[in-house]
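Residues per chain are reported as follows:
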Amino acid sequence: MSFILFGQAISTVQLLTGLVILLAIAVIVLFVRSKARAEDDALDAEHTMAALLRSQAEMQGRLAAMAEVFGSRQAELNQAIGQRLDGMSQRVTATIGEQTRSTHENLRRLQERLAVIDAAQTNIQTLAKDVVGLQAILSNKQTRGAFGQARMETIIADGLPMGAYAFQATLSNGSRPDCTIRMPNGSPPLVIDAKFPLEAWNAIRAAASPEHGKIAAQQFRRDLELHIRDISEKYLIPSETQDTAFLFVPSESIFAEIHENFEAIVQKAQRARIVIVSPSLLMLSIQVIQAVLKDQRMREQAHVIQSEVAHLMDDLSRLDERVRKLQGHFAMAQKDVDMIVTSADKLARRGERIEALEFEAAKEPAKTRPEERSKPVDNRTSQLKLRVVDED
């Protein structure tokens, strides 16, 4: 058994030894193969590395060329951008300057307009104060009458000369009209009244409803009719005043409203020979009266004008005579001047002829016989005398 076991162990050992040897041979073969492969791989790696180096060199060259191109392009781009920025900055500066000047000009104009607006506002405030004062004046009957009287007096004083009118003159019945105007040709004066009933008119304006307006209109109609009757009774005096009187209304708008909405009052005033006049109509009437007065003064001074015209005609006749004498003197002087010019022309022509004869004498030959030399001189002298007599 032991021998068998020993033999089996020996065979096992041999088997293991063979296996080890086989493994060693396999390892050697593998090592040899791997070495060959490693050498092949090294050669491939060297080739790959060389290719990579060549590619790297090419890439570096290309990168250098691209860097150079990019550098030049970058410089051009920077230059172009700089130029454009300079141009844009100049345009922006010019635009800002123009906008600044325009802004300053607009501000200056705005300040001028604001100054005008301030002045207008001041005037409006002053006008508002004046309107308030006028309202206060018109609210009082006495001050309202003074206002109408002052306006009427201003119109008449501007249109007529001194002495052609009188304010607050006393009539034979003791009444004192606001104004009397002297008429031409010894006619009675014209009476003007400036007391217009304005309370009822203001009530019409201030009416809050149509019923109140109707009541105020009736009151205004009654007041105006009463005032027209008073003027007719007080101021229309036969052979002392004109048979027509003026009722002065110190407002064009009130005058228009009366003629538009109170036609019956206007007709009643006309039947009573009372003419309702506005400031413009009063001014027109004053101008007509002024023209009539001027015509009257011209007629009164007609004989003086005729005498002055006769003196003027005498002066004109004497002036015509003296002018004609002066014209005769000028004609004689002109005739003398013409004769002097004629004599001067003759003297000039004679001098020219004498100068021409001397020039011909200088051209005679020097060698001549004595009798021939004296003879031509006498002939030339006789010719000279004959020529002068002929020309004369």
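Bear in mind the structure is a predicted one, so any value in this text is a computation, not a measurement.

Rules behind the numbers
- Residues numbered from 1 in each chain as written.
- Predicted model: local features only at pLDDT ≥ 70, side-chain atom pairs only at ≥ 80, totals over all residues.
- Heavy atoms only, no water.
- Helix = DSSP H or I, 4+ residues; strand = E, 2+ residues; numbered from the N terminus.
- Buried < 20%, exposed > 50% of the residue type's maximum accessible area, 1.4 Å probe, protein only.
- Contact = heavy atoms within 4.5 Å.
- Areas by Shrake-Rupley, 256 points an atom, 1.4 Å probe, with all protein chains shown as cover.
- Pairing = 2+ DSSP bridges.
- Axes fitted to C-alpha atoms, helices over the stretch in contact; angles between N-to-C directions.
- Patch = residues over 30% accessible without salt bridge, like charges linked within 9 Å, V, L, I, M, F, W, Y side chains within 5 Å.
- Salt bridge = Lys/Arg side-chain N within 4 Å of Asp/Glu carboxyl O.
- Parallel < 35°, antiparallel > 145°, perpendicular 65-115°, else oblique.
- Core = buried A, V, L, I, M, F, W, Y, C linked by side-chain atoms within 4.5 Å.
- Arc of directions from axis to C-beta.

Participant: I'd love a proper account of the overall build of the chain, names of residues and values included.
Facilitator: Helix and strand content of the chain: nine helices and five strands. The linear arrangement of helices and strands in the chain, starting from the amino end, is α-α-β-β-β-α-α-β-α-α-β-α-α-α. Going through the 392 residues of the chain one by one, you find that 17% of them count as buried. A separation threshold of at least 6 residues defines the contact pool for the chain, and within that pool the share at least 24 residues apart is 64%. On the chain, roughly 29400 Å² of surface is accessible, and the fraction owed to carbon and sulfur atoms is 61%.

Participant: Break down the sheet that holds strand E3 (residues 190-193) for me, citing the residues and quoting the values.
Facilitator: The strand order E1-E2-E3-E4-E5 describes an open sheet built from five strands, whose pairing is mixed. Among the strands making up the open sheet, the edge pair consists of strand E1 (165-167) and strand E5 (274-277). Direction aside, neighbouring strands of the sheet carry axes that sit 25° apart on average. With three bridges connecting them, E1 and strand E2 (residues 179-181) associate as antiparallel partners. Across the sheet, residue Tyr 165 finds its bridge partner in E2, namely Ile 181.

Participant: Run through a nonpolar patch on the surface, naming residues and quoting values.
Facilitator: Together, Met 298, Ile 305, Val 309, Leu 312, Met 313, Leu 316, Leu 319 and Val 323 make up a nonpolar patch on the protein surface, roughly 720 Å² of accessible area in all. By the element assignment, Leu 316 lies in helix H8 (residues 302-362). Residue classification places Leu 316 among the partly exposed residues on the basis of a relative accessible area of 43%.

Participant: Report on the pairing of E3, specifying residues and quantitative values.
Facilitator: Both faces of E3 are covered, namely the face carrying Leu 190 and Ile 192 and the face carrying Val 191 and Asp 193. In the sheet, E2 pairs with E3 via three bridges, with the strands oriented antiparallel. In the sheet register, Ile 181 faces E3, and the bridge partner there is Leu 190. Pairing analysis gives three bridges linking E3 to strand E4 (residues 245-248), with the strands arranged parallel. Across the sheet, residue Val 191 finds its bridge partner in E4, namely Ala 245.

Participant: Summarise the pairing of E4; cite the residues concerned and give the values.
Facilitator: Residues Ala 245 and Leu 247 of E4 are buried on one face, and the alternating residues Phe 246 and Phe 248, pointing to the opposite face, are buried as well. Here E4 pairs with E5 via four bridges, running parallel. Along E5, the bridge assignment pairs Phe 248 with Val 277.

Participant: Give a detailed account of the packing of helix H4 (residues 210-235) against helix H6 (residues 263-271), specifying residues and quantitative values.
Facilitator: Where H4 contacts H6, the two axes come as close as 10 Å, and the packing angle between them is 10°. Here H4 is positioned roughly parallel relative to H6, judged by the angle of their axes. From H4, Arg 221, Leu 224, Glu 225 and Ile 228 reach across to H6, where they touch Ile 265, Lys 268 and Ala 269.

Participant: How would you sum up the nonpolar core? Please name residues and give values.
Facilitator: Counting 25 residues, the largest nonpolar core has Phe 196, Ile 258 and Ile 274 as its most contacted members. Those elements giving two or more residues to this core turn out to be H4, E4, helix H5 (252-261), H6 and E5. Apart from the residues within four sequence positions on either side, Ile 258 is in contact with Phe 196, Phe 220, Glu 263, Val 266 and Ile 276. Among the nonpolar cores identified, the runner-up in size contains 19 residues, and Leu 160, Ile 192, Phe 246 and Ile 286 belong to it.

Participant: Go over H5, please, and point to the residues and values.
Facilitator: Buried within H5 are the following residues: Ile 254, Phe 255 and Ile 258. Down the axis of H5, the sector holding all buried residues measures 105°, keeping them to one side.

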